[in-house]
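# Architecture at a glance
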Amino acid sequence: MLKKLSFVVVVLFLTSALASCTPNSEPQPQVLEGQIFGTFFQVSIGAQHEFDAAEVEAGVMAVLNEIDRQMSTYRDDSVLIAVNNAPVGEPVAIPDELFYVLALGYDVAEISSGAFDYTVGGLVNLWGFGPEARITKAPSDERLQERLEQVGYQYVQLDAEQRTVTRLRDVFIDLSGIAKGYAVDEVSEYLHNLGLTDHLINIGGDLIAQGQRNESQPWRIGIEAPNDNRQVVQFVLPLRDTAMLGSGDYRNYFEYEGIRYSHTISPITGRPITHKLAAVNVLGDNAAEADAMATVLLVLGEERGLAFANDYDIAALFTYRENGEFMSLMSERFEREHAANMERPTLN
């Protein structure tokens, strides 16, 4: 698996098409589903397409399994584990797919001044949200400082010509903040190559909507309120040719001495985030990039995150806690492109 606990945090944070939004008389998409990366996947293909479901499902699984083989931190035989286990300073030849994800993640780390950093894996493990054992109390300051010294995307050297990666320090690379979005992109490209241009892909809450649900209706996506105890859809948004990725602090956490510790770790402080931002959704053309940007904005918080989103023209919806209630903020691009289409769900 790519990521077990951290990937599950946004499961169902973005639900697929809401059944109640579509009349029963309308043609329904065909849905392929299964398990991958420690979470679920659903591939809904528009009702206007005819295809061999078994053949397409096998192809989708082949795409997902290859990404898992390359980028998992839970498989001893993954390419990424080979990179993490290689001696410091030794170049490791890697496949193009893994190189692309590492390069994209490096670029996002650069422009975000390290708010996204895929070498944060050691800190994620220290706080009990990675492959190491779960914990029930906060680590000591001494252990935290030790792990902070092992974090830094700048210690990952990429050679585009040779397609190699070299760790310049003993950092642990963890792609859980970007690889699932990349998987969404890859499955979408696979379906496009088959001519199945109308589809909705949902991998553990990270999704992309292409084309339409059927000849007359768009894909309609439910955006869930970040509630710890139950799922409540706060908005419904029709999407076409757009990826939507979310990150939140509300389902994967532990409490110790009255303090809530989120699974989202700031690579800068080495500690779980503590601001009021509970969740953020990012919309864009590239699901991998949107995945990483959602992490950036969650780490930055509602005020700095909103400023960052506006500076880089990112369509983002922020949900934050205020006096026991959830409030929303929209970036300028989100408000410009999507606000008019947002609907409140009808309660039956």
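Data block above holds the structure.
Everything numeric in this text was worked out from a predicted model, so none of it was measured. (Residues numbered from 1 in each chain as written. Predicted model: local features only at pLDDT ≥ 70, side-chain atom pairs only at ≥ 80, totals over all residues. Heavy atoms only, no water.)

### Here's the deal with the overall build of the chain
Helix and strand counts for the chain come out as 9 helices and 16 strands. When the 348 residues of the chain are sorted by exposure, 55% land in the buried category. Across the chain, every contact between residues at least 6 apart in sequence was considered, and the portion connecting residues at least 24 apart equals 66%. Put simply, the chain shows about 15,000 Å² of open surface, and 46% of that area lies on carbon and sulfur atoms. (Helix = DSSP H or I, 4+ residues; strand = E, 2+ residues; numbered from the N terminus. Buried < 20%, exposed > 50% of the residue type's maximum accessible area, 1.4 Å probe, protein only. Contact = heavy atoms within 4.5 Å. Areas by Shrake-Rupley, 256 points an atom, 1.4 Å probe, with all protein chains shown as cover.)

### As for the pairing of strand β5 (residues 156-159)
Taken together, the 4 bridges between β5 and strand β6 (residues 164-167) define a ladder with antiparallel strand orientation. Bridge assignment links L158 to a residue of β6, and that residue is V165. The antiparallel pairing of β5 with β6 creates a hairpin that spans 4 residues between the two strands, and R163 there sits at a positive phi of about 55 degrees. (Pairing = 2+ DSSP bridges.)

### Brief notes about helix α6 (residues 141-148)
Regarding α6, the residues found buried are L144, R147 and L148. Projected onto a plane normal to the axis of α6, the buried residues spread over an arc of 105 degrees and lie on a single side. Buried residues along α6 sit in contact with α5 (121-126). (Arc of directions from axis to C-beta.)

### Overview of the packing of aromatic side chains
The final tally for this structure, using the stated rule, is 4 aromatic pairs. Ring centres 5.7 Å apart and planes at 40 degrees place the aromatic pair Y100 and Y182 in the tilted group. Note that Y100 is positioned in helix α4 (residues 96-111) and Y182 in helix α7 (residues 179-193), a separation of 82 residues in sequence. Of the residues examined, Y182 reaches a relative accessible area of 5% and is grouped as buried. Its end group placed over the ring of F99, R163 keeps NZ or CZ at 4.5 Å from the ring centre. (Phe/Tyr/Trp six-rings, centres within 6.5 Å; stacked < 30°, edge-to-face > 60°. Lys NZ or Arg CZ within 6 Å of the ring centre and 35° of its normal.)

### A word on the sheet that holds β5
Strand order in this open sheet of 3 strands is β4-β6-β5, and the pairing throughout is antiparallel. The two strands at the open ends of the sheet, each matched to only one other strand, are β4 (92-93) and β5.

### Notes on the packing of α4 against helix α8 (residues 287-311)
Running from N to C, α4 and α8 cross one another at 10 degrees; their axes reach a closest spacing of 9 Å. Judged by the angle between their axes, α4 and α8 are roughly parallel. Of the residues in α8, those touching α4 at L104, V108 and I111 are A288, E289, A292, M293, V296 and F308. Across the contact of α4 with α8, the residue classes tally to 8 nonpolar, no polar and 1 charged. (Axes fitted to C-alpha atoms, helices over the stretch in contact; angles between N-to-C directions. Parallel < 35°, antiparallel > 145°, perpendicular 65-115°, else oblique. Nonpolar A, V, L, I, M, F, W, Y, C, P; charged D, E, K, R; others polar.)

### Description of the pattern of salt bridges
Under the counting rule described, the total for this entry stands at 13 salt bridges. Between D313 and R333 there is a salt bridge whose closest N-O contact spans 4.0 Å. Residue D313 is found in the loop between α8 and β15 (315-322), and its partner R333 is found in helix α9 (residues 332-337); the two are separated by 20 residues along the sequence. Taking relative accessible area as the criterion, D313 reaches 38% and is therefore assigned partly exposed. Classification of R333 by relative accessible area gives partly exposed; the value is 24%. Across the salt bridge formed by R336 and D313, the nearest N and O atoms sit 3.2 Å from each other. With a gap of 23 residues between them, R336 in helix α9 and D313 in the loop between α8 and β15 connect regions that are remote in the sequence. A relative accessible area of 54% places R336 in the exposed class. (Salt bridge = Lys/Arg side-chain N within 4 Å of Asp/Glu carboxyl O.)

### Structural notes on the side chain of N202
Its location among the elements puts N202 in strand β7 (residues 199-203). By relative accessible area, which is 1% here, N202 ends up buried. In terms of polar contacts, N202 uses its side chain to reach the backbone amide nitrogen of G205, at 2.8 Å. (Polar contact = N/O pair within 3.5 Å; in protein donor to acceptor, adjacent residues only side chain to side chain.)

### Observations concerning the environment of N286
Mapped onto the fold, N286 is located in the loop between β14 (277-284) and α8. The residues touching N286, leaving out its near neighbours within four places in the chain, are Y100, L104 and D185. Here Y100 takes part through its side chain, which lies 3.2 Å from a polar atom of the side chain of N286. A distance of 3.0 Å separates a polar side-chain atom of N286 from the backbone nitrogen of A288.

### Side note on the layout of surface pockets
What the second largest pocket holds in volume is close to 210 Å³. Forming the walls of the second largest pocket are 14 residues, and the residues nearest its centre are L283, G284, E289, I314 and R333. Among the elements of the structure, β14 and α8 are those that each provide at least two residues to the lining of the second largest pocket. Across the lining of the second largest pocket, the residue classes break down as 8 nonpolar, 2 polar and 4 charged. (1 Å grid on protein atoms, 1.4 Å probe; cavity = no way out; pocket = protein on both sides within 12 Å on 5 of 7 lines; lining within 4 Å. Points joined across faces, edges and corners; volume = space filled by probe spheres on them.)

### Some details on the sheet that holds strand β16 (residues 325-330)
In a beta sheet, neighbouring strands are held together by backbone hydrogen bonds and run either parallel or antiparallel to one another. An order of β2-β3-β7-β8-β11-β14-β15-β16 is seen for the 8 strands of this open sheet, with the pairing classed as antiparallel. Two strands bound the open sheet, and with one partner strand each, they are β2 (30-36) and β16. Across the sheet, the axes of successive neighbouring strands diverge by a mean angle of 15 degrees, strand direction being ignored. Alignment of β14 against β15, held across 6 bridges, turns out to be antiparallel. Residue pairing in the sheet places V280 in a bridge with F318 of β15. On the sheet, helix α2 (residues 53-71) packs against β2, β3 (39-45) and β7 and is oriented at approximately 30 degrees with respect to β2. Set on the sheet, α7 makes contact with β3, β7, β8 (206-210) and β11 (242-248); between it and β7 the angle comes to about 155 degrees.

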